[in-house]
Amino acid sequence: MVKEIILDNTLIKVSHYEEEKVNGLHQISVVFDVTSEDYHDIATLLYRGTFEVTVPDAVLFFRGTIINYSTSITNLYEEGQVGEYKLSLLETEI
């Protein structure tokens with residue numbers, strides 16, 4: 001069971017993980033929580049859009065781009081808030 005992914009050098013603990021192949025390319029979808037304390041760092045990371053994706057538990061590594069992204073809460077600037085993020089990444093063709 002996959003419990004974490006790494007985007008570039010940032011470790012993200014996930015509560016849900018799905019993996020599939022789309023036209024021969026890897027696609028993963030994850031769900032993870034983001035606290036108000038981590039919001040700025042995660043938002044800044046996700047704005048990059050494309051990452052070196054590592055899934056240690058699945059022995060998977062690829063360059064991927066965000067194809068779908070959503071969050072349960074839009075204002076994590078308020079202290080003590082936790083938002084659930086859903087993120088799908090598709091391997092980029094070389």
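Quantities reported herein were computed from a predicted structural model and do not represent experimental measurements.

Parameters at a glance
- Residues numbered from 1 in each chain as written.
- Predicted model: local features only at pLDDT ≥ 70, side-chain atom pairs only at ≥ 80, totals over all residues.
- Heavy atoms only, no water.
- Pairing = 2+ DSSP bridges.
- Helix = DSSP H or I, 4+ residues; strand = E, 2+ residues; numbered from the N terminus.
- Axes fitted to C-alpha atoms, helices over the stretch in contact; angles between N-to-C directions.
- Phe/Tyr/Trp six-rings, centres within 6.5 Å; stacked < 30°, edge-to-face > 60°.
- Buried < 20%, exposed > 50% of the residue type's maximum accessible area, 1.4 Å probe, protein only.
- Lys, Arg positive; Asp, Glu negative; His and termini not counted.
- Salt bridge = Lys/Arg side-chain N within 4 Å of Asp/Glu carboxyl O.
- Contact = heavy atoms within 4.5 Å.
- Core = buried A, V, L, I, M, F, W, Y, C linked by side-chain atoms within 4.5 Å.
- Arc of directions from axis to C-beta.

(A) View of the pairing of strand β2 (residues 10-13). Taken together, the 4 bridges between strand β1 (residues 4-7) and β2 define a ladder with antiparallel strand orientation. Within β2, the residue paired with Ile6 across the bridge is Leu11.

(B) A look at the sheet that holds strand β3 (residues 16-22). Across the sheet, which stays open at both edges, the 7 strands sit in the order β2-β1-β5-β6-β7-β4-β3 with antiparallel pairing between neighbours. Where the open sheet ends on each side, the last strands, each with one partner, are β2 and β3. Strand-to-strand twist of the sheet, defined as the mean angle between neighbouring strand axes without regard to direction, takes the value 35°. Bridge analysis of strand β5 (residues 50-55) against strand β6 (residues 60-71) gives 6 bridges, and the strand direction is antiparallel. Bridge pairing in β6 links Val53 to Phe62.

(C) Spotlight on the packing of aromatic side chains. Counted by the stated rule, this structure contains 3 aromatic pairs. Ring centres of Tyr39 and Tyr77 lie 5.1 Å apart, and the angle between their planes is 85°; this geometry places the pair in the edge-to-face category. Linking Tyr39 in helix α1 (residues 39-46) with Tyr77 in the loop between β6 and β7 (82-91), this pair joins segments that are 38 residues apart in sequence. Tyr39 sits in the buried class, given a relative accessible area of 13%. The class for Tyr77 is exposed, based on a relative accessible area of 63%. An aromatic cluster of at least three residues, connected via ring pairs, comprises Phe32, Tyr69 and Tyr85.

(D) Structural detail: the side chain of Glu91. With respect to the helices and strands, the residue Glu91 is situated in strand β7. For the buried residue Glu91, which engages in no salt bridge, the nearest side chain bearing the opposite charge is Lys21, 5.6 Å off. Residue contacts for Glu91: discarding those within four places in its chain leaves Leu25, His26, Phe62, Arg63 and Gly64.

(E) Structural view of the nonpolar core. Membership of the largest hydrophobic core comes to 24 residues, with the highest contact counts inside it found for Ile5, Leu7, Tyr17, Ile28 and Phe32. Those elements that provide at least two residues to this core are β1, β4 (25-35), α1, β5, β6 and β7. Sort the elements by how many residues they give to this core and α1 lands first, with 5 residues. Filtering out sequence-adjacent residues up to four positions away, Leu7 remains in contact with Ile12, Leu45, Leu46, Phe51, Glu52, Val53, Leu87 and Leu89.

(F) Up close: α1. Within the span of α1, buried status applies to Tyr39, Ile42, Ala43, Leu45 and Leu46. With its buried residues spanning 160° around the axis, α1 presents them on a single face. Turned more than 90 degrees away from the buried face of α1, the exposed residues are His40 and Asp41. Those residues of α1 that are buried lie in contact with β1, β2, β4, β5, β6 and β7.

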